[in-house]
Amino acid sequence: MGKRFSRFFCRAILGAALSCLVAISAMMVPAQAADQPSEKAMMDSTHPDYIRMEKLPGQITRATLKNGLTVLVQENHVAPVATVRCYVRNTGGVFEGPWLGMGLSHLCEHLVAGGSTKNRTEKEIEKIVDSFGGASNAYTSSAQTAYFIDCPAKHVMTCIDLIADQMQFVIIPEEEYAREKEVVQRELADGEVNRRRVIWKMLGETVYPDHPAKTPTIGYLDVLKTATREDCLAFYKERYIPNNQIFVVVGDVETDTILDRIAKAFAETPRGRETYIAMEAKKPQISPRESIREMDGKTYDLALAWPTAELSHPDLFALDVAAYILGEGESSRLVRKLKYEKPLVLSVNTASYTPSYVKGYFTVFAATEADTWQEASDEILREVYRLRDELVSPAELEKAKKQKAAELIFGQQTVQQAAGSLGQSVLSTDDPLFDVKYAENIQKVTAEQVRDVARRYFSPQRLNRVMITPPGGGPKAADLAKNGEAGEIYPVRLPNGVRVLIKRHSHLPLVNIQAFVLGGSLIDTPETAGRAGLVGAMLDKGTTEYTARQIADYFDSIGGSFRTSAGRNTLFASATVLKDDYQKSLALLADCFTRPTFPAEEYQKVKRLALGAIARRADSSREQILELFYDQLPATTPYHLLQGGKEETVSRLTVDDLKAFHQENFIAERMIVTVFGDVDPDEAVELVKKKFGQVPSNPSAPAVEFNRPNALAETVVRHKKIEKPTAMVMFGFPEVSILDKQDYAALTVLDAIMSGYSYPGGWLHTELRGEGLVYWVHAFQVTGPAPGYFSILAQTQPEMLDEVIVRIKKNLERAKKGEITEEEFNAAIEMILSLHAQENTTIGGQSRQAALDDLYGLGYNYDKSFDERIKAVTLADVVEVAKKYLGKHVLVSISPNGEEAK
């Protein structure tokens, strides 16, 4: 950080793809020569397709085609290599106009880079590039999109043709669009758990709250989901026009030949409408701003930033020198003091970020441990403000200047760096030799100028502080509950045996209250299937004090949410309300959960709805195949029972059946209550004790048995004919429960390898979805405290059903044979850890996870060890569970074709 090139664009966006580049030969020419091209604006009669031609120092030629395309060619004969690249102006996260926030520039980049054109298919392009060992890639930043191919110089003409083809004739086939949109959505989701990307996003939103510069290059997920192929085509046609592009070729080439080839490659495409998008000036910041986010982890990430100047301002150079003095190298002020003299940080660096479209900002980044973040922050501010009061020493100033000069010289070594510098300089300043002038001005910076910019910009009133903290570790940590550390769960057991979990979250005045009992399919039988579901639906339909209408009216009147229901293993009630309403809401939830009256008139309504839901299963192919699947499972496993029951079981259940179920199972030994939110823990415990302390205890009641047999005597294959013109297939292999921690973790990794984790991916998605054989396919684990089934579900066209089954079996055998690469294994681990971090981000989700884990015997803090358990899995473990469990199975399918299995 603190590099000169940080002014061009934010390197945090989209990772290493945004590495910045510096000219090869520009620094090698005399300073005075850089100011005046040797043949400025000279027309060259050998190139009639060009309307402008400039010969610049460093063997650089700048030309403009009649259609407006800017061309930059630099000869460098040091090695027989070349790079070809093209920059598209007025794209990126800032310049999307009516599509702002959609991330359309980035999505188009995925579609254009190597995508099918009217001249070549995607596979043909890949084959051509591979044939000469080319390296092809692209990136999108906040202000442009760039495409490049690095190659041996003898293949440069082919690369010109390929890049030119991408810039003019991409067709965006539907299958490529659907695939790449999925990829981008996953990339965006991954970025939400990447601290580096998150802090850059937070910083942009804090410094630029009223400007398009706050918009992430990749966009926002909910907006991205609305993007269509037609949006991409419209954006491509509007922005990918010659007069909006800069075409750069650098390497062991002959300039005239390159210019001729580019003119020929773009001969068919006329100039388009200008696409300049005006940027409003950023409103001045007049008071401090702060943004804090909690994320998994134990360390703190800090960013302290001050708004500065635009790229054309003369203060640019002194600000960049100040960044080097503070944070460049092991001997810089902040690194020396905070890493070594006072070990307060794990890392610290600086950046003077100055884009071309808005005023920039000066920032200090630091990573610290929990007990040092505040002191580290104070020390950083002292060092930054010290620049306002004291002149930097001549030695420090000279060192910073030499570091900047070395940075530019080292950046002269490759054709890729030269091409990047030329393109970025023209994009940002319309001057291919801006680097030379920049280097000159850096050497002119004085100590007084450094002090002046510090006084001008480094004001406490314009400070932006951005922080990522561990859960519960924000700046108000010292004021949190005295019972346990801030953000920790506080467990209590009432005298009657009811378990209680309290967790204080004071970042919002919200409270979530939940209560659970073991039940569902663990309690029901084939004769009573659906009973638990009816009990769950009736819990809010009347108590001794309130009617169903009064309960609903109360929660509506306070803007709260309240629901009661039954899952596969539990029955529960959940309410989320504002802090001021939580005491009465807790009391009402407790009445519904522990003292329902099951009014007969309400039961008739609930029962009618339940029977209607059963009847509607025939309308859904997914529901049909799931019912067929569960029907084939052994009667000994709770997964054999459909959660909503069947018509014959639900229709004969009575109010008395529900009352008996409640009396037998809603006992203290099977119950847990959670209160998470902005509460005083001691007060919350007393309220729970008052309302749930009278729940009857029954120590003699048998414990709910989790260890239910789920084995299959033989493989079961069933097919069902349906009327709908679609087909589905489902596999189920007996596996372990979540209580078998090691095998369950290994199966989770196997699941991710085969089909992704939470998001589609892996073998099955790549092969089946990639080849158009399925609409969707996913593996998942139908399991819980009782052993369940490793399952795969896919939807396809009826005529492809057999092929899909064959392909799924092939991939299952592949797993059993251990044909899993280290790369696939490592990618699955990272995917699981990243996506799991995004789960249970609300107080309701966190309390539910803690309650269920505790009910099942895993402990309320069990989820904290998730990463550790996944990281402990080895590739050998994954292969072993594949061999162990992917044997006998249930295979069911539905389609309008074939004969039904008897």
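For clarity, every value in this text was computed on a predicted model and none was experimentally measured.

S.K.: Teacher, can you tell me more about the overall build of the chain here?
M.R.: From N to C terminus, the chain includes 31 helices and 23 strands. Here the C-alpha radius of gyration of the chain, 32 Å, is about what a compact globule of 902 residues would show, namely 29 Å. Its C-alpha atoms give the chain principal-axis dimensions of about 100 × 70 × 50 Å. Within the span of the chain, comprising 902 residues, buried residues form 58% of the whole. For the chain, the share of sequence-separated contacts (at least 6 apart) that also reach a separation of at least 24 residues comes to 81%. Approximately 37000 Å² of the chain is accessible, and the part contributed by carbon and sulfur atoms is 51%. Averaging the positions of the 105 positive and the 120 negative side-chain charges in the chain gives two centres separated by 2 Å.

S.K.: For this particular structure, what's the right way to read helix α20 (residues 600-615)?
M.R.: Since the α-helix packs 3.6 residues into each turn, any two residues three or four apart lie on the same face. Between its terminal C-alpha atoms α20 stretches 22 Å, which fits the 22 Å expected from 16 residues at 1.5 Å a residue. Of the residues making up α20, those classed as buried are Glu602, Tyr603, Val606, Lys607, Ala610 and Ile614. Taken end-on, α20 shows its buried residues confined to a sector of 130°, consistent with a single buried face. For α20, the exposed residues set more than 90 degrees away from the buried face come down to Glu601, Arg608, Leu609 and Ala615. Looking at the buried side of α20, the elements it contacts are α17 (531-538), α18 (548-557), α22 (647-650) and α23 (655-665).

S.K.: I would appreciate a short explanation of the side chain of glutamate 176 in the present structure.
M.R.: Mapped onto the elements, glutamate 176 comes out in helix α5 (residues 174-191). It turns out glutamate 176 is buried and unbridged, and the closest side chain with the opposite charge, arginine 179, is 4.9 Å from it. Within the local environment of glutamate 176, its side chain forms a polar contact with the side chain of serine 116, the two groups lying 2.5 Å apart. With residues near it in sequence (within four places) discarded, glutamate 176 still touches Leu111, Gly115, Ser116 and Glu122.

S.K.: Please clarify how the sheet that holds strand β23 (residues 890-895) should be interpreted in this entry.
M.R.: For sheets, the rule is that strands pair by backbone hydrogen bonds, running either parallel or antiparallel. Taken together, 5 strands build an open sheet; the order of strands is β19-β23-β20-β22-β21 and the sheet is mixed. For this open sheet the edge positions go to β19 (716-721) and β21 (774-782), each flanked by a neighbour on one side alone. The sheet shows a mean angle of 10° between the axes of neighbouring strands, taken without regard to direction. As paired strands, β21 and strand β22 (residues 789-796) are joined by 8 bridges and run antiparallel to one another. Looking at the pairing, histidine 778 lines up with leucine 793 of β22. Its contacts with the sheet put helix α26 (residues 762-769) on β21 and β22, and the angle it makes with β21 is roughly 165°.

S.K.: How do you make sense of the packing of aromatic side chains when you look at a structure like this?
M.R.: Within this structure, the stated rule accounts for 24 aromatic pairs. Ring centres 5.1 Å apart and planes at 65° place the aromatic pair tyrosine 353 and tyrosine 361 in the edge-to-face group. Assessed through its relative accessible area of 5%, tyrosine 353 is described here as buried. Here the aromatic rings of tyrosine 554 and phenylalanine 555 are separated by 5.1 Å at their centres, their planes lie at 75°, and the arrangement is edge-to-face. Classification of phenylalanine 555 as buried rests on a relative accessible area of 3%. Taken together, the ring pairs in this structure connect Trp200, Tyr208, Tyr353, Tyr361 and Phe365 into an aromatic cluster. The ring of phenylalanine 148 carries the charged tip of arginine 85 above its face, separated from the ring centre by 4.8 Å. Above the plane of the ring of tryptophan 763 lies arginine 814, whose end atom (NZ or CZ) is 3.7 Å from the centre.

S.K.: Could you clarify how one ought to interpret the packing of α17 against α23 in this entry?
M.R.: Two quantities define a packed helix pair, namely the angle between the helix axes and the distance between the axes. The N-to-C vectors of α17 and α23 enclose an angle of 85°; their axes lie 10 Å apart at closest approach. By the angle between their directions, the pair α17 and α23 is classed as roughly perpendicular. Of α23, the residues touching α17 (which contributes Arg531, Ala532, Leu534, Val535 and Met538) are Asp657, Leu658 and Phe661. Across the contact of α17 with α23, the residue classes tally to 6 nonpolar, no polar and 2 charged.

S.K.: Which parts of the structure should I look at to understand helix α6 (residues 195-207)?
M.R.: Counted at 1.5 Å a residue, the expected span for α6 with its 13 residues is 18 Å, and the 18 Å between its end C-alpha atoms agrees. With respect to burial, α6 is a largely interior element, 10 of its 13 residues being buried. Three or more residues of α6 are buried, namely Arg195, Arg197, Val198, Ile199, Trp200, Met202, Leu203, Gly204, Thr206 and Val207. Its buried side turned inward, α6 meets α5, β8 (289-294), β9 (300-307), β11 (361-368) and β12 (464-469). Its side-chain oxygen at 3.0 Å from the backbone nitrogen of arginine 196, asparagine 194 defines the N-terminal cap of α6.

S.K.: Can you help me understand the pattern of salt bridges in this one?
M.R.: It is possible for side chains of opposite charge to pair when their charged atoms get near one another. One pass over the structure, following the stated rule, counts 42 salt bridges. The salt bridge partner of glutamate 390 is arginine 386, with a shortest N-O separation of 3.1 Å. Residue glutamate 390 is classed as partly exposed on the basis of its relative accessible area of 40%. Through salt bridges that share partners, Lys337, Lys342, Glu379, Arg382, Glu383, Arg386 and Glu390 make up one connected network.

S.K.: I tried to follow the sheet that holds strand β14 (residues 499-504) on my own but got confused; where do I start?
M.R.: Read across the sheet, 6 strands follow the order β13-β14-β18-β15-β17-β16 without closing on themselves; strand pairing throughout is mixed. In the strand order of this sheet, the two ends are held by β13 (489-493) and β16 (561-566), each with one partner. If you compare each strand with its neighbour and ignore which way they point, the axes differ by 10° on average. Here strand β15 (residues 510-518) pairs with strand β17 (residues 570-578) via 9 bridges, running antiparallel. By the bridge assignment for β17, alanine 515 is matched with alanine 573. The sheet strands contacting helix α29 (residues 843-855) are β13, β14, β15, β17 and β18 (671-677), and the helix crosses β15 at an angle near 25°.

S.K.: Hey, could you run me through the nonpolar core in this one?
M.R.: As a rule of thumb, soluble globular proteins bury nonpolar side chains together. Counting residues in each nonpolar core, the largest one holds 93 residues, and the members touching the most others are Phe555, Tyr582, Phe593, Phe666, Val675 and Phe692. Here this core gets 7 residues from one element, more than from any other, and that element is helix α19 (residues 582-594). The residues contacting phenylalanine 555, other than those within four sequence positions of it, are Gly560, Ser561, Phe562, Ala575, Val577, Ser585 and Leu588. Residues Ala82, Val112, Ile218 and Tyr240 belong to the second largest nonpolar core, which totals 55 residues.

S.K.: Any chance you could explain the confidence of the model for the chain here in plain terms?
M.R.: Regions with low pLDDT carry predicted coordinates that are not meant to be interpreted in detail. This prediction gives the chain a mean pLDDT of 88; 92% of its residues lie at or above 70. Low confidence marks residues 1-45, where pLDDT is under 50. Its contacts with residues over four positions away, or in another chain, come to 139 contacts. In this model residues 476-486 is a low-confidence stretch, pLDDT under 50, and it forms 16 contacts with partners more than four residues away in sequence or in other chains.

S.K.: Mind showing me how you'd approach the side chain of threonine 796 here?
M.R.: Its location among the elements puts threonine 796 in strand β22. One polar contact links the side chain of threonine 796 to the main-chain carbonyl oxygen of leucine 773, over a distance of 2.5 Å. Those residues in contact with threonine 796 that sit more than four places away from it in its chain are Thr726, Ala727, Leu773, Val774, Tyr775, Leu801 and Val804.

S.K.: Explain the pairing of β22 to me, please; I cannot follow it from the model alone.
M.R.: The side chains of a regular strand alternate, first on one face of the sheet and then on the other. A large share of β22 lies buried, amounting to 8 of its 8 residues. The two faces of β22 match: Tyr789, Ser791, Leu793 and Gln795 on one face and Phe790, Ile792, Ala794 and Thr796 on the other face are all buried. Relative to β22, strand β20 (residues 727-734) is paired through 8 bridges, and the arrangement is antiparallel. In the sheet register, methionine 728 faces β22, and the bridge partner there is glutamine 795.

Reading guide: rules and limits
- Residues numbered from 1 in each chain as written.
- Predicted model: local features only at pLDDT ≥ 70, side-chain atom pairs only at ≥ 80, totals over all residues.
- Heavy atoms only, no water.
- Helix = DSSP H or I, 4+ residues; strand = E, 2+ residues; numbered from the N terminus.
- Rg over C-alpha atoms; globule rule 2.2 N^0.38 Å.
- Buried < 20%, exposed > 50% of the residue type's maximum accessible area, 1.4 Å probe, protein only.
- Contact = heavy atoms within 4.5 Å.
- Areas by Shrake-Rupley, 256 points an atom, 1.4 Å probe, with all protein chains shown as cover.
- Lys, Arg positive; Asp, Glu negative; His and termini not counted.
- Charge placed at Lys NZ, Arg CZ, Asp CG, Glu CD.
- Expected span 1.5 Å × (residues − 1).
- Arc of directions from axis to C-beta.
- Salt bridge = Lys/Arg side-chain N within 4 Å of Asp/Glu carboxyl O.
- Polar contact = N/O pair within 3.5 Å; in protein donor to acceptor, adjacent residues only side chain to side chain.
- Pairing = 2+ DSSP bridges.
- Axes fitted to C-alpha atoms, helices over the stretch in contact; angles between N-to-C directions.
- Phe/Tyr/Trp six-rings, centres within 6.5 Å; stacked < 30°, edge-to-face > 60°.
- Lys NZ or Arg CZ within 6 Å of the ring centre and 35° of its normal.
- Parallel < 35°, antiparallel > 145°, perpendicular 65-115°, else oblique.
- Nonpolar A, V, L, I, M, F, W, Y, C, P; charged D, E, K, R; others polar.
- Core = buried A, V, L, I, M, F, W, Y, C linked by side-chain atoms within 4.5 Å.
- pLDDT = per-residue confidence, 0-100.

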